[in-house]
Amino acid sequence: MPKKILIIDDDPAIVRYLKAVFSDNGYATCNASSSMEGLEVVKAEKPDLICLDLQMPGEWGPRFYRKLRKDKELKDTPVIVVSGIDGDHAVKDAVAFVKKPFDPEKLVGIVKNTIG
Amino acid sequence: MAKKLLLVDDEEGIRKVLSIALSDSGYTVFTAQNGEEALDIFRRETPPIVLTDIKMPGMDGIELLQTLKQESPDTEVIMITGHGDMELAIKSLKFQAIDFVTKPINDDALEIALNRAHEKIRMRQQLREYTENLEALVREKSAKLVEIERQVAVGQAVEGLSSAMRDIAVDLEGGLTYFNEMPCFVSIHSPQLKVIAVNPLYRDRLGDKVGHNSWEIYAGKTGTQANCPAGQTYKSGKGLRTKATVKTASGGKAPVMVNTAPIRNQDGDVELVVEISADITEVKRLQEELDRSQQRYQQLFDEVPCYISVQDRQLRLTAVNRRFKEDFNVEHGAFCHEVYKHQGEPCPNCPVAKTFEDGHSHQSEMVVTSKAGERYNVLIWTAPLRNAAGEITHVMEMSTNITQIRKLQDHLSSLGLKISSISHGIKSLLTGLDGGMYLMETGFAKDKSERVKAGYEDLKLIVSRIRKLVYNILFFAKERELKRDRVDILNFVDDVASTVEPKIIANGIEFVREFDASVGALKLDAGVVRLALINILENALDACLEDEAQKSHKILFRVQQDDKQIFFEISDNGIGMDREVRESLFTLFFSSKGNKGTGLGLFIADKIIDQHDGRISVESKPGRGSKFKVSIPKMISKSVITKRKNE
């Protein structure tokens, strides 16, 4: 069974982009357009990895991250931050911090190293 | 002397590294690991600059900032923020932080922030010195006035003295022994109108006239036998008081005040006349100087580049200078807070009231509204005015208009925000372009036309976003003159509605037009007002799209009028706004839409409507939708015209 990646980003164009990149490399995907929706999808889909944007309407990515880390079942899910904001302080133990615009091959490389 | 700086952060690593860097730059660095400790150190060391993290356990950075600004408004606070804290950073600027730097801390960014803090401190000091100089000048002038008034009083005392001397001379026949010391011209005259004695001052100034005729020293009419004071006194038997001009020994003339007194023998006949004259040149000179000084004082009062007012204990204006009258409506006895702020209550931190309380000067910064409706930032300085008993009867208030400086500062902080906000927006757009191209490329390679189409649609979407961003930035970057033409409103709003309607309907949202058919025409710059209305309509659309409540959404575009204004009302039943969002709506680069907003739309709409002397009001509640009401006056008001002229 393919590994599953959850994409959280409020921009539908970027969601489509990431979905295409991951599915072309043999991963299954699911997505959410906000932090709140993201938490629901994480619980329902139990993804193997989360690809998280930081700046979104309503709650920002870091808050999603803190809530995720408080949930015992989910807290070990690896997170890759994909964002246009500089700096990586808010999400301290993210697997990687990928700046927008990103190189799809590098992103896929990081994903492969993390979940195979 | 080393500059003091207080560094507050809960992470020991950051404290250590930054302390070293700042010490190298010549600062004496104090560190604290939380807000409470920071306040202790601050009160002890009073550093002019504080650098603080926002997120800390216990008292956080924002709270520390508010406390510091309240205790010591002159202290400049730089915030350290994590990258997710943009909203907190904006909030801290509202609470008067001078700047913020993001983690990881870049040395250059920190240096810029520190320089900005120093610049602000320097600017404030200059302003203060300037105001203090002014105060000193006024004090010096007032002291001079008091001195002159005292001299005038002395002159009057001399007159009084000579009149007293006359009485003494009447009462005491032997009184003559005094007169050698008197500060006046004193002479004794015989019934034959000959001078028989003079005092030394008389001899020095008018010559030794002993044995000469009594009228000899006088010029003009008084200088005749019948009209000279001694002659008249012999004739009437009564003392007299008159003004005359005497010829001095050096050939000049001097105005004098002459008093005479008859001295009678035992039979009651006038035996001698004492004539006492005080030189009134000095008095006159003092009088003129007083007038001149008063005039100069008035000029100074009127012309200084400040608003000066004198207020009584009830904060009523008892005197104001010309500049004050130019910019504010002053009726006699009006209250300061009415005139400055159109408020019924005194301001909470009234510096005048504080001065009445403690007798010291106080300063504060306030925003006041002129009679033309302009908002000015003023730096206020007060000084007590005391009566002779040393009690404070009035307080003088000087306000320097620092609006320009403030504007510049706001512009600087918004530029700082702009750079981070726009660069982030552009990165998202670039990623979107990459995405569209990836979909098209891989779609072509794998021959999947659906994917090519999806990629193309994404590219179209991103390009339209780029277009909007570029237009808005261009608009922001350029101050343009309004091009007002008479526009038929019904045609105009139909056109605006038709532009946005397809997009609204395509998203399954109902769009209702409700136009008053009799609105007629209005002079406005159709191009920009159209941009403003479209920005608001597109926001309404976004508000409906973001609303996840399962209901049918509707946008109402309504145009109405009364006799003075035309109203454009745009309401939606979308997601709505809470108070904080509502209050920041028109702020530059404020966006509640994450990646999709530029933070320019409503800022620009507000600016456009303001240029038309109109206003935008907003009603909104979370979950209840929003109503934007744009009102534009039918007549162009005078203040707008003069404003334009001054620009």
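It should be emphasised that the depicted structure is a prediction, and the values quoted were computed from it without experimental measurement.

Student: In this structure, what is going on with the overall build of chain B? I would like to understand it.
Tutor: The helix and strand tally for chain B stands at 18 helices and 22 strands. Counting every position in chain B, which comprises 647 residues, the buried fraction comes to 44%. Of the contacts made within chain B by residues no fewer than 6 positions apart, 58% connect residues no fewer than 24 positions apart. Carbon and sulfur atoms form 51% of the exposed surface of chain B, whose accessible area is close to 33,600 Å².

Student: I keep staring at the sheet that holds strand S19 (residues 554–561) of chain B and nothing clicks. Help me out?
Tutor: Whenever strands of a sheet pair, they do so through backbone hydrogen bonds, lying parallel or antiparallel. Residues and elements named next belong to chain B. With respect to topology, five strands assemble into an open sheet ordered S17-S19-S20-S22-S21, the strand pairing being mixed. In the strand order of this sheet, the two ends are held by strand S17 (510–515) and strand S21 (615–621), each with one partner. When strand polarity is set aside, the average angle formed by the axes of neighbouring strands in this sheet is 10°. Across seven bridges, S21 lies against strand S22 (residues 625–633) in antiparallel orientation. Paired with Val618 across the two strands is Phe628, which belongs to S22. Along the sheet face, helix H14 (residues 489–506) touches S17, S19 and strand S20 (565–572) and points at about 175° away from the line of S17.

Student: Can you walk me through the packing of helix H15 (residues 526–546) of chain B against helix H17 (residues 601–611) of chain B in this structure?
Tutor: What describes two packed helices is the angle between their axes and the distance between those same axes. Residues and elements named next belong to chain B. At a minimum axis separation of 9 Å, H15 and H17 run at an interaxial angle of 140°. Viewed along their axes, H15 and H17 adopt a mutual orientation that is oblique. When you trace H15 past H17, the crossing you get is left-handed. For the pair formed by H15 and H17, the contact residues are Val528, Val529, Leu531, Ala532, Asn535, Ile536 and Asn539 on the first element and Gly601, Leu602, Ile604, Ala605, Ile608 and Ile609 on the second. Taken together, the residues of the contact of H15 with H17 sort by class into 10 nonpolar, three polar and no charged.

Student: How do you make sense of the pairing of S22(B) when you look at a structure like this?
Tutor: Looking down a regular strand, the side chains alternate between one sheet face and the other. Residue and element names in this part refer to chain B. For S22, the tally of buried residues reaches seven of nine residues, placing the bulk of the element in the interior. With eight bridges connecting them, S20 and S22 associate as antiparallel partners. When the sheet's bridge partners are listed, Phe568 is paired in S22 with Val630. Taking the residues that link successive antiparallel strands as the turn, the S21-S22 hairpin has three residues, and the phi of Gly623 there is positive, at about 80°.

Student: I keep staring at the sheet that holds strand S11 (residues 307–311) of chain B and nothing clicks. Help me out?
Tutor: Residues and elements named next belong to chain B. Reading across from one edge, S12-S11-S15-S14-S13 is the order of the five strands in this open sheet, with antiparallel pairing throughout. Sheet topology places strand S12 (317–320) and strand S13 (363–369) at the edges, where each strand pairs with a single neighbour. Adjacent strand axes in the sheet meet at a mean angle of 30°, parallel and antiparallel pairs treated alike. Judged from the nine bridges that link them, strand S14 (residues 375–386) and strand S15 (residues 392–401) form a sheet pairing that is antiparallel. Paired with Arg386 across the two strands is Ile392, which belongs to S15.

Student: Explain the pairing of strand S5 (residues 96–99) of chain A here, please?
Tutor: Residues and elements named next belong to chain A. Of the two faces of S5, the one holding Ala96 and Val98 is buried and the one holding Phe97 and Lys99 is not buried anywhere. The pairing of strand S4 (residues 79–83) with S5 spans four bridges and is classified as parallel. Counterpart to Val82 in the pairing with S5 is Val98.

Student: How should I be thinking about the side chain of Asp312(B) in this particular structure?
Tutor: All names here are of chain B. For Asp312, the position within the fold is in the loop between S11 and S12. Given a relative accessible area of 13%, Asp312 falls into the buried group. Side-chain polar atoms of Asp312 contact the backbone nitrogen of Arg316, separated by 2.9 Å. Excluding residues that lie within four positions of it along the chain, Asp312 makes contacts with Thr318, Phe356, Thr393 and His394.

Student: How do you make sense of unusual backbone geometry when you look at a structure like this?
Tutor: The general pattern is negative phi for most residues beyond glycine and trans for most peptide bonds. The step from Lys100(A) to Pro101(A) runs through a cis peptide bond, and the omega angle for that step is -10°. Topologically, Pro101(A) is positioned in the loop between S5 and helix H4 (104–115). With an omega of 0°, the peptide bond between Lys103(B) and Pro104(B) qualifies as cis. Within the secondary structure, Pro104(B) sits in the loop between strand S5 (99–102) and helix H5 (107–171).

Student: Honestly, the nonpolar core in this entry has me stumped. Any pointers?
Tutor: Inside soluble globular proteins, nonpolar side chains tend to come together where they are buried. Grouped together as the largest cluster of nonpolar side chains are 43 residues, with contacts concentrated most on Ile489(B), Leu533(B), Ile555(B), Phe557(B) and Phe568(B). Counting residues per element, the ones that place at least two in this core are H14, strand S18 (521–524), H15, S19, S20, H17 and S22 of chain B. If one sorts the elements of this core by residue count, H15(B) sits on top with 10 residues. The next biggest cluster of nonpolar side chains, apart from the first, holds 23 residues, and it includes Leu18(A), Val21(A), Tyr27(A) and Val111(A).

Rules used throughout
- Residues numbered from 1 in each chain as written.
- Chains lettered and ligands numbered in written order.
- Predicted model: local features only at pLDDT ≥ 70, side-chain atom pairs only at ≥ 80, totals over all residues.
- Heavy atoms only, no water.
- Helix = DSSP H or I, 4+ residues; strand = E, 2+ residues; numbered from the N terminus.
- Buried < 20%, exposed > 50% of the residue type's maximum accessible area, 1.4 Å probe, protein only.
- Contact = heavy atoms within 4.5 Å.
- Areas by Shrake-Rupley, 256 points an atom, 1.4 Å probe, with all protein chains shown as cover.
- Pairing = 2+ DSSP bridges.
- Axes fitted to C-alpha atoms, helices over the stretch in contact; angles between N-to-C directions.
- Parallel < 35°, antiparallel > 145°, perpendicular 65-115°, else oblique.
- Left-handed = near helix turned anticlockwise from the far one by under 90°.
- Nonpolar A, V, L, I, M, F, W, Y, C, P; charged D, E, K, R; others polar.
- Polar contact = N/O pair within 3.5 Å; in protein donor to acceptor, adjacent residues only side chain to side chain.
- Core = buried A, V, L, I, M, F, W, Y, C linked by side-chain atoms within 4.5 Å.

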